[in-house]
Amino acid sequence: MVFSFGLVVTTALLIVGQVSHAAVLIPKNMDAGDRQEALRIIGFGTAAKTLTDPYSLGGYEGLEFGLSIETVPTEDLGRLGDRLAAPQADVSIPKFTIGKGLYSNLDFFIHFIPYNQRTELSQYGGILRWSFYEASSLPLSASILAHINTGNINNQITTRSYGLDVIGGINVNEVALYAGVGVVQATGTFVGGTGGVTDSSRLETEGVSAFHTLVGGSFRIRNFFVAAQLDRTSQSVVSGKIGFRF
């Protein structure tokens with residue numbers, strides 16, 4: 001167990017070292033329509049994601065550690081406002097995650113990105129999951145997830161996303177598959193003035209909402225697992241995760 005946990009930590013640090021240099025570039029002079037589109041890209045794209053076995057952690061003693069990598073389609077940001085001088089590639093964002101069983105089939109997950117001066121990006125948030133159905137004779141489960149995420153990009157945009165999803169899963173041997181539907185809402189505060197991004201030169205606030213679908217799966221070897229997930233709102237976001245669960 002100690003070796004497996006050390007392997008996860010080492011792999012996670014190596015991955016963060018490869019992707020944490022990526023930055024999100026925000027164009028200037030965005031009008032209301034541009035700001036709402038930016039919020040759909042960033043706010044929805046960075047919303048909290050489950051990325052784990054659909055079965056509950058197993059009560060108070062259940063614990064999970066992991067690192068997720070989320071690829072946000074930021075290329076379309078370059079077409080907003082004054083437009084970026086050069087195309088921006090999609091940005092991969094690492095998030096550290098911790099999951100804890102609370103009571104019976106109730107789990108709580110937190111995720112965070114410590115502030116990085118090179119990327120000027122920080123995030124934190126959480127998920128509360130209630131597995132209200134776990135069949136005794138079939139490997140089926142169903143759960144409700146409430147999630148929240150807050151992010152800061154370049155001290156120019158602060159985003160907050162909220163969502164509610166219903167997810168169904170099936171576990172066969174060491175493989176778990178799941179799919180879900182829900183709604184997500186994002187609000188954003190856009191800085192104006194010198195160094196700001198609004199066309200009005202004032203602080204502006206926008207809000208958007210959308211229908212949310214997701215599909216994913218995980219593969220477990222003893223306490224070690226890998227997971228992948230596809231989320232779809234206005235755009236698609238692909239995510240992966242490695243972790244240690246016991």
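Look up: the structure comes first, before these words.
Keep in mind the model is a prediction, meaning the values are calculated, not measured. In every chain, residue numbers begin from 1 and rise along the written sequence. Given that the model is predicted, a residue must reach a pLDDT of at least 70 before its local features are reported, and side-chain atom pairs must reach 80 or more before they are shown or counted; all residues, however, enter totals for whole chains, interfaces and linings. The basis for every side-chain value is the complete set of heavy atoms in the structure, and neither hydrogens nor water enter the calculation.

A.B. asks: How should I be thinking about the packing of aromatic side chains in this particular structure?
C.D. replies: How two aromatic rings sit relative to each other is set out by the distance from centre to centre and by the angle between their planes. Stacked, tilted and edge-to-face are the three classes assigned to paired rings of Phe, Tyr and Trp, where Trp is represented by its six-membered ring and a pair needs centres within 6.5 Å; plane angles under 30 degrees give stacked, over 60 edge-to-face, the rest tilted. Inspection of the entire model under this criterion finds three aromatic pairs. Seen from their ring centres, W130 and F132 are 5.6 Å apart, and the 50° between their planes marks the pair as tilted. For each residue, the accessible area found with a 1.4 Å probe, counting protein chains only, is set against the maximum for its type, and the residue is called buried under 20%, exposed over 50%, and partly exposed in between. Judged by its relative accessible area of 46%, W130 falls in the partly exposed class. For F132, a relative accessible area of 39% corresponds to the partly exposed category.

A.B. asks: I tried to follow helix α2 (residues 32–45) on my own but got confused; where do I start?
C.D. replies: Think of it this way: any DSSP run of H or I at least four residues long counts as a helix, any run of E at least two long counts as a strand, and we number them from the N terminus. Multiplying one less than the number of residues by 1.5 Å gives the expected span of a helix. With 14 residues, α2 should cover 20 Å at 1.5 Å per step; its first-to-last C-alpha distance of 19 Å lies within 8% of that length. Two axes define the bend at a residue: one fitted to the seven residues ending there, one fitted to the seven starting there, and the bend is the angle between them. At L39, α2 is deflected by roughly 25°, the largest bend along its length. All of the buried residues in α2 are D34, R35, A38, L39, I41, I42, G43, F44 and G45. Taken together, the buried residues of α2 touch β1 (63–72), β5 (140–153), β6 (157–172), β7 (175–190), β8 (204–221) and β10 (236–245). At the N-terminal boundary of α2, the capping side chain belongs to D31, with an oxygen 3.2 Å from the backbone nitrogen of G33. Whether two residues are in contact is decided by their heavy atoms: any pair within 4.5 Å suffices. N or O atoms closer than or at 3.5 Å make up a polar contact, with two conditions inside protein: a donor-capable atom paired with an acceptor-capable one, and, for residues adjacent in sequence, both atoms drawn from side chains.

A.B. asks: Help me understand the nonpolar core in this model?
C.D. replies: Within soluble globular proteins, side chains that are nonpolar tend to cluster in buried spots. Buried Ala, Val, Leu, Ile, Met, Phe, Trp, Tyr and Cys residues form a nonpolar core when they are joined through side-chain atoms within 4.5 Å. Grouped together as the largest cluster of nonpolar side chains are 23 residues, with contacts concentrated most on V24, I26, M30, I42, L77, I157 and F190. Listing elements by their share of this core, those giving two or more residues are α2, β2 (91–103) and β7. Broken down by element, the residue count for this core peaks at five residues, all from α2. Look past the residues within four positions of I26 in its chain and what remains in contact with it is I42, L77, L84, I153, N154, Q156, I157 and V197. L51, F109, I127 and F225 belong to the second-largest nonpolar core, a separate cluster that totals eleven residues.

A.B. asks: Is there a simple way to explain the pattern of salt bridges in this structure?
C.D. replies: Once their charged atoms are close, side chains differing in charge can pair, the charge on each being opposite to the other. The term salt bridge refers to a pairing of a side-chain nitrogen on Lys or Arg with a carboxyl oxygen on Asp or Glu at a separation within 4 Å. Per the counting criterion, the structure on display carries nine salt bridges. Of the charged contacts, one joins R129 and D107 as a salt bridge, the two residues approaching to 2.9 Å between their closest N and O atoms. One end of the pair, R129, is in strand β4 (residues 121–134); the other, D107, is in strand β3 (residues 106–116), with 22 residues separating them in the sequence. Each member of the pair R129 and D107 is classed as buried. E204 is the salt-bridge partner of R202, the closest N and O atoms lying 3.7 Å from each other. Overall, R202 belongs to the exposed group, its relative accessible area being 53%. Salt bridges sharing common partners tie together R35, D199 and E206.

A.B. asks: Sorry, what's going on with the environment of G243 here?
C.D. replies: Its place among the elements puts G243 in strand β10. Overall, G243 belongs to the buried group, its relative accessible area being 0%. For the pair formed by G243 and L67, sequence separation is 176 residues and the distance between their alpha carbons is 6.3 Å.

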